[in-house]
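Structural description and commentary
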2 protein chains.
Amino acid sequence: MATSSMLYNPPPITRSNKKRSLSIARAQKEAVLYPPHTSSSTQAIRLAASLSNLLHLHVEAPPGTEDLRFSKRVTSHDIEEKYSAPMKSPKEVISSKWREMHGSSDWKDLLDPLHPWLRREIIKYGELAQATYDAFDFDSFSEYCGSCRYNKHKLFDELGLKQNGYKVTEYIYAMSHMEIPRWLERSRLVDTWSKDSNWIGYVACSDDEETCRIGRRDILVAWRGTVAPSEWYEDFQRKLEPIGHGDDHHARVEHGFLSIYTSKSKSTRYNKSSASEQVMSEIRKLVNLYRDRGEEVSLTITGHSLGGALALLNAHEASSTIPNLPVSVISFGAPRVGNGAFRDELHQKGVKTLRVVVKQDMVPKMPGLVFNEGLERFDEHITGALEWVYTHVGAELKLDVQSSPYLKHGLNFLGFHMTETYLHLVDGFLSTRSNFRVDAKRDVALVNKACDMLVDELRVPHSWYQLGNKGLVCNEYGRWVKPRRDPEDIPSPIEGAQKHNLNIEEAQKGRERLVHLQSL
Amino acid sequence: MATSSMLYNPPPITRSNKKRSLSIARAQKEAVLYPPHTSSSTQAIRLAASLSNLLHLHVEAPPGTEDLRFSKRVTSHDIEEKYSAPMKSPKEVISSKWREMHGSSDWKDLLDPLHPWLRREIIKYGELAQATYDAFDFDSFSEYCGSCRYNKHKLFDELGLKQNGYKVTEYIYAMSHMEIPRWLERSRLVDTWSKDSNWIGYVACSDDEETCRIGRRDILVAWRGTVAPSEWYEDFQRKLEPIGHGDDHHARVEHGFLSIYTSKSKSTRYNKSSASEQVMSEIRKLVNLYRDRGEEVSLTITGHSLGGALALLNAHEASSTIPNLPVSVISFGAPRVGNGAFRDELHQKGVKTLRVVVKQDMVPKMPGLVFNEGLERFDEHITGALEWVYTHVGAELKLDVQSSPYLKHGLNFLGFHMTETYLHLVDGFLSTRSNFRVDAKRDVALVNKACDMLVDELRVPHSWYQLGNKGLVCNEYGRWVKPRRDPEDIPSPIEGAQKHNLNIEEAQKGRERLVHLQSL
């Protein structure tokens, strides 16, 4: 990895400030419409040449091409080097500055320019947040729709996240409404999964090696955001509810988020206890375990979108109930969560929040998009006192889609919001006055996992993260069938400390229900 | 397999004639909108129970359910039997009736009820036609877009079609316009593939075992149809062109089809000779080879959609140039191709055509949908003489989407047209007076390979035929890359008998072109 001095003092580059003409397209979930722009196409083609080789395609970079957006010329030597290059720089030991990295000084002087150690930590947490999507079973035809596809011991292995140095200790479930097809509701084939309880995240803990590198035992909670953009509007009910138990009930948070965090019901299988109860129980357990060993412990809570909102609620609770615990939130594309008083309480309790925000992303502007933007011009004191006004919390790392030559710049509400877009931009971020980092190593192809953000010249398919044949396999008779889950991947509900075996009981209940239905 | 008497005399069943109320949805390529219909939902649920087990899901059929649409009750015993049941009945030797099966008597008395031997042959040819889609590389980011993904020796293996008993001998390419993204055109990275030459089909031949079973050496030509529905309209130019070399130029065929069949250009890599020249050269070679051995030889030409149209043109040419060769066309969802005089010529030359048509499919009604339907009421003699009126050729096997309890009945123009829908309906067809065949064995899941036709209760994902991660794989550095094709799968152009090695020459030309582009 380049020395920090080189990164702190990037070579002066004149950023081209061409404004791209955007066609105003209807806001569609996945639509990308952008007019071809001649000079940027040429640049893109040159870029494509180098990156196409990165992606093992036959197009070579022509010699001697000059690109003002990069600090040095791309040569064929660089190209050959890159596609056998690791995706990350070697890890550095950050224990000497861990508290600052964790936000003890509100990340002062660490965000612009972005400190390389902090960049790595942000990407680490972002990947751990992204895991909550990648492993989520959203197949409405699956009997386990709404659960995690893998058991907690396998999760990081299956997703290639072992190298982050964490181990999952427990899964969290929440009563979170998900869209399920009408026929499924009618048939009652699936009761508790998609309707009531969903896998909403997990608790993990740094392993010994990572603990050593980062200077303390880090308890990590990752919260899943919304699975589909259509759920955004369902989650936002534009109504602030009080939070906390103090006499002073001025702290209020958005109703929908709070509901997800605290709901429980005896009739569900996985939320006889709420997400809040589940997560706090596990956090306490781990804090005690490691403090008893004499270790320093921190709590880092992360999440994207809705998950970032849940992270704040979690942070509020944890800081209220566990003394002397450094609690930080690293969120990605999170909406506003509560009012000024809520923000003040978090501040009082010592919670440090770093919001990673893409300028073009609509979600961080929600809720309160309609009435809040106008108020921002008022005196901060006045707006803070207005209990019903949502406000953001903490420090902000602001990213810009237009800073990356790899991304299409046309309207793409979904693409602007995706975690992988965020991580790409963090990876390339040097400072607000610099261009995209030349030695950014993170695999650019990841951006297009679930959207269409990369310029076509890179020839990366859009929305490519998919199961072959949607999970169907051909059996010995040539029939295409859905294989059963490994028994070890069939989720066990949490009920206090009691665990049930889902398989037999559920199947039996399912059959009984179907027989009953047929007899109607 | 059940005896033919049982199949010829199906048990009398009162078919429920409920008309489904269809909501009139806008015609969308892939839209399926259908209102839930209570009694059919109940039926569907019962059906789902049995078929869900077929698909290895946990839902059991309730005992004692009665379904008027089936000739017998479904019991759990049948269910368990089915999912370890082969997809096809054991093969029968048809050599004693091969000429009739090949249409020597225009399939008289073989279509309604459908003779089981003929059913099997139709499905065989349909699967061989479907192969032209399943192996087609339509990835616009691939440098081999427009070619077959596999070399000719592997094709049937890769697609699981070995058991049909044919071997591919040669591939055919045609100058067929395909949509390519604008940036690709501009960059000239891909020249001959998507713009000029595409893999349009193949020639195959029955192996010794199949030859024995069917009573003659069958030369098979399969033509590919349009890859995307949007191409339909490009192919149809609504202009009849003369065909053939006779004095009497009254036989006319649709211009677009003829153009694809006969175009060639020295500037292309794969169509220095036309599709017509390529296919006739191979057919002649095989006919001579096997006749020299003293074998009986037949020519069967098959295709879906546009492919069915090309099949007719091929049949016209083959019957005009090779004497005493039984030539038959089995087409699926083919549009009209030529006028009455064209139809008469084919008839004169002894070509036998069996058009498999789904009643709800729009394509067989094209071209001429606008002006032809009114004319059909006129005296056949008058319309035949009208040189500019498209007309159908041969015998027809008419299928109905509503005959299958497995299919959604709402508007679905794409789904009505898909080969897999056709093959499902052929598999279930007994006669126009019977219900869907109870012991139809073909895997129902296949219907949803590339559309959304199966009732949801079956829980088969729609459009499931897809590459995992769209063909990207994770290399040793954790980067997602497009693997190169095996050298053996890189296509070699046909130029007479000369074959070139694409790889080196193409790559070099590609580089030169790119360098030239950069220097502009």
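None of the values given here were measured: they were computed from a predicted structure.

Rules of the game
Residues numbered from 1 in each chain as written. Chains lettered and ligands numbered in written order. Predicted model: local features only at pLDDT ≥ 70, side-chain atom pairs only at ≥ 80, totals over all residues. Heavy atoms only, no water. Helix = DSSP H or I, 4+ residues; strand = E, 2+ residues; numbered from the N terminus. Buried < 20%, exposed > 50% of the residue type's maximum accessible area, 1.4 Å probe, protein only. Contact = heavy atoms within 4.5 Å. Areas by Shrake-Rupley, 256 points an atom, 1.4 Å probe, with all protein chains shown as cover. Pairing = 2+ DSSP bridges. Axes fitted to C-alpha atoms, helices over the stretch in contact; angles between N-to-C directions. Salt bridge = Lys/Arg side-chain N within 4 Å of Asp/Glu carboxyl O. Phe/Tyr/Trp six-rings, centres within 6.5 Å; stacked < 30°, edge-to-face > 60°. Parallel < 35°, antiparallel > 145°, perpendicular 65-115°, else oblique. Nonpolar A, V, L, I, M, F, W, Y, C, P; charged D, E, K, R; others polar. Left-handed = near helix turned anticlockwise from the far one by under 90°. Polar contact = N/O pair within 3.5 Å; in protein donor to acceptor, adjacent residues only side chain to side chain. Expected span 1.5 Å × (residues − 1). pLDDT = per-residue confidence, 0-100.

As for the overall build of chain A
Across its full length, chain A carries 18 helices and 15 strands. For chain A, the residues scored as buried account for 57% of the 520 residues in total. Put simply, of all contacts in chain A between residues at least 6 apart along the chain, 72% involve residues at least 24 apart. Summed over its atoms, the accessible surface of chain A is roughly 22400 Å², and 53% of this surface lies on carbon and sulfur atoms.

What about the sheet that holds strand β1 (residues 166–175) of chain A?
All names here are of chain A. Here 7 strands make up an open sheet; going across it, the order is β1-β2-β3-β6-β7-β9-β11 and the pairing mixed. Two strands lie at the open edges of the sheet, namely β1 and β11 (395–399), each paired on one side alone. In this sheet, adjacent strand axes meet at a mean angle of 15° when their direction is disregarded. Sheet topology note: the strand β7 (residues 327–332)/strand β9 (residues 352–358) ladder contains 5 bridges and is parallel. Across the sheet, Ser328 pairs through a bridge with Lys352, a residue of β9. Here helix α5 (residues 116–134) sits on the sheet in contact with β1, β2 (197–206), β3 (217–223), β6 (297–304), β7, β9 and β11, set at roughly 45° to β3. Along the sheet face, helix α17 (residues 419–428) touches β6, β7, β9 and β11 and points at about 100° away from the line of β9.

Examining the pattern of salt bridges
Applying the stated rule across the entire model yields 62 salt bridges over all chains. Among the ionic pairs, Lys398 of chain A bridges to Glu396 of chain A, the shortest N-O distance being 3.9 Å. On the basis of relative accessibility, which here comes to 41%, the residue Lys398 of chain A falls in the partly exposed class. A salt bridge links Arg343 of chain B to Asp344 of chain B; the nearest nitrogen and oxygen atoms lie 3.5 Å apart. Residue class for Arg343 of chain B comes out buried when judged on its relative accessible area of 18%. When its relative accessible area of 40% is taken as the criterion, Asp344 of chain B is described as partly exposed. A cluster of three or more residues bridged by salt bridges with shared partners is formed by Lys91, Glu121, Lys124, Glu210 and Arg213 of chain A.

Focus: the packing of aromatic side chains
Residues and elements named next belong to chain A. This model, assessed by the stated rule, comprises 14 aromatic pairs over all chains. Between Phe156 and Tyr202, the ring centres sit 5.6 Å apart and the planes meet at 80°, which makes this aromatic pair edge-to-face. Taken together, the residues Phe156 in helix α6 (residues 155–158) and Tyr202 in strand β2 connect sequence positions 46 residues apart. Note on Phe156: relative accessible area 5%, which makes it buried.

Some thoughts on the packing of α5 of chain A against α17 of chain A
Residue and element names in this part refer to chain A. Between α5 and α17, the least distance of the axes is 10 Å, while the angle of their chain directions is 170°. Considered as vectors, α5 and α17 are oriented roughly antiparallel to each other. Listed contacts from α17 to Arg119, Ile122, Ile123, Gly126, Glu127, Gln130 and Tyr133 of α5 are Thr419, Glu420, Leu423, Val426 and Asp427. Considering only residue class, the contact of α5 with α17 consists of 5 nonpolar, 3 polar and 4 charged.

So, the environment of Ala311 of chain A
Residue and element names in this part refer to chain A. As for its position among the elements, Ala311 is in helix α12 (residues 306–321). When its relative accessible area of 0% is taken as the criterion, Ala311 is described as buried. As for Ala311 and Ala334, which are separated by 23 residues in sequence, their C-alpha atoms are 9.4 Å apart. Among all residues touching Ala311, those that are not within four sequence positions of it are Trp223, Ile301, Thr302 and Val329.

Comments concerning the packing of helix α11 (residues 275–292) of chain B against helix α12 (residues 306–321) of chain B
Residues and elements named next belong to chain B. Where α11 meets α12, the axes come as close as 11 Å, and the angle between the chain directions of the two elements is 45°. One finds that α11 runs oblique with respect to α12. Pair α11 / α12 crosses with right-handed handedness. Residues Ser276, Val279, Met280, Ile283 and Arg284 of α11 lie in contact with α12, whose contacting residues are Asn314, Glu317, Ala318 and Thr321. The residue makeup of the contact of α11 with α12, split by class, is 4 nonpolar, 3 polar and 2 charged.

Brief notes about the environment of Lys88 of chain A
Residues and elements named next belong to chain A. Tracing the chain through its elements places Lys88 in the loop between α3 (76–82) and α4 (98–101). Lys88 sits in the partly exposed class, given a relative accessible area of 26%. Considering only alpha carbons, one finds Lys88 and Phe342, 254 residues apart in sequence, at a separation of 37 Å. When residues no more than four places from it in sequence are discounted, the contact partners of Lys88 are Arg120, Glu127, Gln163, Asn164 and Lys441.

Observations regarding helix α17 (residues 419–428) of chain B
Residues and elements named next belong to chain B. Summarising burial for α17: 10 of the 10 residues are buried, a large majority. When α17 is considered as a whole, its buried residues turn out to be Thr419, Glu420, Thr421, Tyr422, Leu423, His424, Leu425, Val426, Asp427 and Gly428. The inward-facing, buried residues of α17 contact α5 (116–134), β6 (297–304), β7 (327–332), β9 (352–358), β11 (395–399) and α16 (413–417).

What to know about the sheet that holds strand β3 (residues 217–223) of chain B
Residue and element names in this part refer to chain B. With respect to topology, 7 strands assemble into an open sheet ordered β1-β2-β3-β6-β7-β9-β11, the strand pairing being mixed. The sheet terminates laterally at β1 (166–175) and β11, the two strands that pair on one side only. Adjacent strand axes in the sheet meet at a mean angle of 15°, parallel and antiparallel pairs treated alike. As paired elements, β9 and β11 share 5 bridges and run parallel to each other. Note on β11: the bridge partner recorded for Val356 is Leu397.

Topic: the side chain of Thr169 of chain B
Residues and elements named next belong to chain B. Here Thr169 shows up in strand β1. A polar side-chain atom of Thr169 sits 2.9 Å from a polar atom in the side chain of Glu282. Thr169 has contacts with Lys152, Val203, Ala204, Cys205, Glu282 and Leu286, leaving out every residue within four places of it along the chain.

Describing α5 of chain B
When the terminal C-alpha atoms of α5 of chain B are compared, their 26 Å separation across 19 residues agrees well with the 27 Å that a helix rising 1.5 Å per residue should span. Among the 19 residues in α5 of chain B, 19 count as buried, and that is most of the element.

Concerning the confidence of the model for chain A
Looking at chain A, the pLDDT average stands at 73 and 64% of residues meet or exceed 70. Low confidence marks residues 495–507 of chain A, where pLDDT is under 50. Its contacts with residues over four positions away, or in another chain, come to 19 contacts.

Digging into unusual backbone geometry
For residues besides glycine, phi is generally negative; the peptide bonds are generally trans as well. Residue and element names in this part refer to chain A. Cis rather than trans, the peptide bond between Asp112 and Pro113 has omega equal to 5°. Of note, the phi angle at Trp107 is positive, near 60°, even though the residue is not glycine. Locating Trp107 in the fold gives a position in the loop between α4 and α5. The phi torsion at Asp109 lies on the positive side, around 65°, for a residue other than glycine. Following the sequence through the fold, Asp109 ends up in the loop between α4 and α5. A residue is classified by how much of its surface remains accessible, and Asp109, at 59% relative accessible area, is exposed.

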